[in-house]
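Given next are the chains, with one letter for each unit.
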Amino acid sequence: MSAGLRKAFATAKAENRPAFVAFITAGYPKRDTTVDILLSLQRGGADVIEMGIPFTDPLADGPTIQYSNTIALQDHTDVTHCLQMVREARARGLTTPVVFMGYYNPILAYGEEKLVKDCKDAGVNGYILVDLPPEESHTFRSVCHKYGMSYVPLIAPSTTDSRIPLLTGLADSFIYVVSRLGVTGASSEVNQQLPAMVARIRKFTDIPLAVGFGVSTREHFDLVGQHGDGVVIGSRIITVIRDAVEAGQDVPSMVEQYCAEVCGRKPTELAASMIQPPADPEVSDAAGQGAVVPEIKSFYAMETRFGQFGGAYVPEVLVDCLSQLERCFIDAVNDPAFTSEFESYYDYISRPSRLQLAERLTADADGARIWLKREDLNHTGSHKINNAVGQILLAKRLGKKRIIAETGAGQHGVATATVCAKFGLECVVYMGEEDCRRQALNVFRMRMLGATVVPVKSGSRTLKDAINEAMRDWVTNVSDTHYLVGSAIGPHPFPAIVRHFQSVIGNETKLQLQEKAGKLPDVVMACVGGGSNSIGMFHPFVEDPSVRIIGIEAGGSGVHTDFHSATLTKGTPGVLHGTRTYLLQDDKGQIIETHSVSAGLDYPGVGPEHAYLKDSGRAEYIVADDAQALIGFRKLTQLEGIIPALESSHALYHAIEVAKTLPKDKDIVVCLSGRGDKDMHTVAEVLPKLGPQIGWDLRF
């Protein structure tokens, strides 16, 4: 089926014009209008159609395509529907090649080989997968090769000359050239560096280049067409559809009219093109490549995975940036001067944090001794400052002047704003609108520190959506911006970086309990959302078989309901935010909204190392629901005079329960990851509902 794509570009070249590549989102504005829109694109002059598969979290797309995805998903559009749309369009006369475009997780959920086979049967010609770079795509490319389907690589402005030959060597039909940094969306002007970018690519290949991002007008089309073999238009077509719906106009007619105007093809020419039969399906590549499917050597120096989990599933624009960050991290951890510099800020952080025996909590449990690793006493009130200081020193080494971050409970946002104030760097923090409401105090603290806080209003308006927006910012401003990821999530090398800086928690615990009790702990425990405090506590003990490792997830209203954040307990493996890990998703690969009383645990994924520890059996992961977390919160507050964060309260509840089952000569260390002053508003808000369940009434 890649032959059809090659023929489309060859035909356009023979007619001395650029090929017109048109994008729509399947199921937008409605499932039952998509086939008519596909046919209108053909009538309007499209040489190739990119059909977007809707996804809940299209992190490389701008607001226009995000909106179309949301509407399509409200109409329950999935991969099966997309295939049926193509079948029906083919039956009604569509001869234009169709490329599925989207994100990897829905493909993974459907089944890679099943999808490729079904696509061939339906009449789909190939794929553009935004977050499946060559290093992660060997299986998928192999299946495409088996069935003669095209895998279309992307090249971005940030792609280095040394990487371009790798990408061009994979192309068997055309290459998608991202003409500018950023997310999808119409633009008022075309990147002035486009000619130089195309010239760089042309040094390595004669494969057709389809140039996209920002094209919207006839003037843009002509300008881009002078340099590329094809011109991609997407967001503007989605806007045409939206405008037509709002004006009560016939959508296919308006799409056809716009396409004909923007590409300038004459009606007689279009009529002739529509009676041409599609190219015969065959596997050979016009450029003489594609006879084998090479296993791509990792672009990274470190191991990117934890067993089957981890990796770097990112848009091409981020690959070089992540590689630079990895090299910087390797150099830093092997440089004694960097370690000395990091440790020189221990007084600022308030390290080492204390290891305290919770005597009255222990007596109440009447079992094993319960120790608290007091990360709540750190500067800014949580463990987040450890990683923030470490990464800000890496950003300094990289020469980045602008820092962005995501935050849920606000603790990472506060820590990031704090170090940016300390080091004189610009700071932008993305935070879900619901979390801004729940954590208004931390929002005010961030702003006081000089940070710009951006409330995110899309999706569930929580941590997942804040990460999406931070990623969109990063792909737009990657040249001068460091994304200071707060949890042990995201693409390689972030899980390794965050673990490195947070492992101070477990390393100190080892030394401190040895001093106080002359032994290793019998159990270490911590709450798990994305998993930064927990991996920091757990990692130093992984090779100590006598130490039991227990992570506690947020059970929300109960794992028997749909309102929880128990990713490892109830989730399945998938790909989100650049990493393969356990996710809360439906059977179509769409991400499910989560719930927890604690904003910092309200996330549908988890760090990939936790996924590995679960599957390997080295760590146990259990659940505390909202009411149980409040029990832990109340116990520590009233027995020890320490008000914990709601996140930590999940771990405290189970620390008490586990202590009850162990002899009194055993020792449990629980990471008290943060303090609870930020949660006073939330506790007051939920007590009328949850208080009666646990016998706690604070009404005046």
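Residues numbered from 1 in each chain as written. Predicted model: local features only at pLDDT ≥ 70, side-chain atom pairs only at ≥ 80, totals over all residues. Heavy atoms only, no water.

### Section: the overall build of the chain
Next, step 1: Secondary structure summary: the chain contains 30 helices and 23 strands in total.
Next, step 2: Its C-alpha atoms give the chain a radius of gyration of 27 Å, near enough to 27 Å, the size a compact globule of 700 residues would have.
Next, step 3: Expressed as lengths along the three principal axes of its C-alpha atoms, the size of the chain is roughly 90 × 55 × 45 Å.
Next, step 4: Here the chain holds 700 residues, and 63% of them are scored as buried.
Next, step 5: Restricting to contacts in the chain with at least 6 residues of sequence separation, those with at least 24 account for 76%.
Next, step 6: Where the 68 positive side-chain charges of the chain centre and where its 82 negative ones centre are 2 Å apart. (Helix = DSSP H or I, 4+ residues; strand = E, 2+ residues; numbered from the N terminus. Rg over C-alpha atoms; globule rule 2.2 N^0.38 Å. Buried < 20%, exposed > 50% of the residue type's maximum accessible area, 1.4 Å probe, protein only. Contact = heavy atoms within 4.5 Å. Lys, Arg positive; Asp, Glu negative; His and termini not counted. Charge placed at Lys NZ, Arg CZ, Asp CG, Glu CD.)

### Some details on helix α9 (residues 194-202)
Two residues of an α-helix separated by three or four positions point the same way, owing to the 3.6 residues in each turn.
Next, step 1: The complete set of buried residues in α9 reads L194, M197, V198 and I201. In an axial view of α9, the angular spread of the buried residues amounts to 95 degrees, which keeps them on one side of the axis. (Arc of directions from axis to C-beta.)

### Structural notes on the packing of aromatic side chains
Next, step 1: Under the definition given, this model contains 18 aromatic pairs.
Next, step 2: Relative to F213, the ring of Y176 has its centre 6.4 Å away and its plane inclined at 85 degrees; by these criteria the two rings are edge-to-face. Taken together, the positions of Y176 in strand β7 (residues 175-178) and F213 in the loop between β8 (209-212) and α10 (218-225) put the pair 37 residues apart, joining distant regions of the chain. Residue Y176 shares its accessibility class with F213, and that shared class is buried.
Next, step 3: Aromatic pair F342 and F501: ring centres 5.2 Å apart, planes at 50 degrees, arrangement tilted. (Phe/Tyr/Trp six-rings, centres within 6.5 Å; stacked < 30°, edge-to-face > 60°.)

### Focus: the nonpolar core
Next, step 1: Ranked by size, the top nonpolar core spans 191 residues in total, and within it F20, L41, F100, I237 and W474 carry the most contacts.
Next, step 2: Here this core takes nine residues from helix α14 (residues 316-333), the largest share from any one element.
Next, step 3: Here W474 is in contact with L318, C321, L322, I404, T481, H482, Y483 and F494, once residues within four sequence places are set aside.
Next, step 4: Counting residues in hydrophobic clusters, the runner-up holds 27 residues, among them L372, V523, Y653 and A659. (Core = buried A, V, L, I, M, F, W, Y, C linked by side-chain atoms within 4.5 Å.)

### Remarks on the sheet that holds strand β17 (residues 481-483)
Next, step 1: Spatial strand order, β16-β15-β14-β17: four strands in an open sheet with parallel pairing. Strands with a single pairing partner mark the edges of an open sheet, and in this sheet they are β16 (452-456) and β17. Recorded for the sheet is a direction-independent mean angle of 20 degrees between the axes of neighbouring strands.
Next, step 2: As defined by bridge partners, strand β14 (residues 402-407) adjoins β17 across three bridges and the pair is classed as parallel. Bridge assignment links I404 to a residue of β17, and that residue is Y483.
Next, step 3: Docked against the sheet, helix α18 (residues 384-398) engages β14 and β17, running at close to 155 degrees with respect to β17. (Pairing = 2+ DSSP bridges. Axes fitted to C-alpha atoms, helices over the stretch in contact; angles between N-to-C directions.)

### Quick notes on the pairing of strand β13 (residues 369-374)
Next, step 1: Among the six residues in β13, five count as buried, and that is most of the element.
Next, step 2: Direction of pairing for β13 relative to strand β23 (residues 667-672): parallel, over a ladder of six bridges. Directly across from R369, in β23, lies its bridge partner D667.

### Some points on the pairing of strand β3 (residues 98-102)
Across a regular strand the side chains alternate sides, sitting on one face of the sheet and then on the other.
Next, step 1: Of all five residues in β3, five are buried; the element is thus mostly enclosed.
Next, step 2: Alternating positions in β3 separate into two faces, V98, F100 and G102 on one and V99 and M101 on the other, with burial throughout.
Next, step 3: Note: strand β2 (residues 48-52) against β3, four bridges, orientation parallel. Looking at the pairing, M51 lines up with F100 of β3.
Next, step 4: Pairing between β3 and strand β4 (residues 126-129): four bridges, direction parallel. By the bridge assignment for β4, F100 is matched with Y127.

### Section: the environment of S534
Next, step 1: Its place among the elements puts S534 in helix α25 (residues 532-538).
Next, step 2: When near neighbours in sequence (up to four residues on either side) are disregarded, S534 contacts A526, C527, V528 and H610.
Next, step 3: Among the polar contacts listed, one links the side chain of S534 to the backbone oxygen of C527, at a separation of 3.4 Å. (Polar contact = N/O pair within 3.5 Å; in protein donor to acceptor, adjacent residues only side chain to side chain.)

### Examining the packing of helix α28 (residues 626-640) against helix α30 (residues 680-694)
Next, step 1: At a closest axis distance of 10 Å, the pairing of α28 and α30 adopts a crossing angle of 110 degrees. Between α28 and α30, the crossing angle belongs to the class labelled roughly perpendicular. Between α28, through D626, A627, L630, I631, F633 and R634, and α30, the contact on the second element is made entirely by M680, V683, V686, L687, L690, Q693 and I694.
Next, step 2: Broken down by class, the residue content of the contact of α28 with α30 amounts to 10 nonpolar, one polar and two charged. (Parallel < 35°, antiparallel > 145°, perpendicular 65-115°, else oblique. Nonpolar A, V, L, I, M, F, W, Y, C, P; charged D, E, K, R; others polar.)

### What about the pattern of salt bridges?
Next, step 1: Tallying each qualifying case throughout the model produces 47 salt bridges.
Next, step 2: Between E469 and R472 there is a salt bridge, with the nearest N and O atoms lying 2.5 Å from each other. Placement of the pair is E469 and R472 together in helix α22 (residues 463-476), with a separation of three residues, close to one helical turn.
Next, step 3: Ionic contacts of the salt-bridge type, sharing partners, join the residues E434, D435, R437, R438, D602 and E685 into one network. (Salt bridge = Lys/Arg side-chain N within 4 Å of Asp/Glu carboxyl O.)

### Structural notes on the confidence of the model for the chain
In regions of low pLDDT, the predicted coordinates are not meant to be interpreted in detail.
Next, step 1: Residues with a pLDDT of 70 or more make up 94% of the chain, whose mean pLDDT is 93.
Next, step 2: Note on residues 277-291: pLDDT is under 50 here. Beyond four places in sequence and across chains, it has 28 contacts. (pLDDT = per-residue confidence, 0-100.)

### With respect to the sheet that holds strand β9 (residues 230-233)
Next, step 1: Pairing within the open sheet is parallel, and its nine strands lie in the order β5-β4-β3-β2-β1-β9-β8-β7-β6. Whereas interior strands pair on both sides, the edge strands pair on one side only; in this sheet they are β5 (150-151) and β6 (154-155).
Next, step 2: Summarising the sheet, β7 and β8 pair through four bridges and their orientation is parallel. Note on β8: the bridge partner recorded for V177 is V211.

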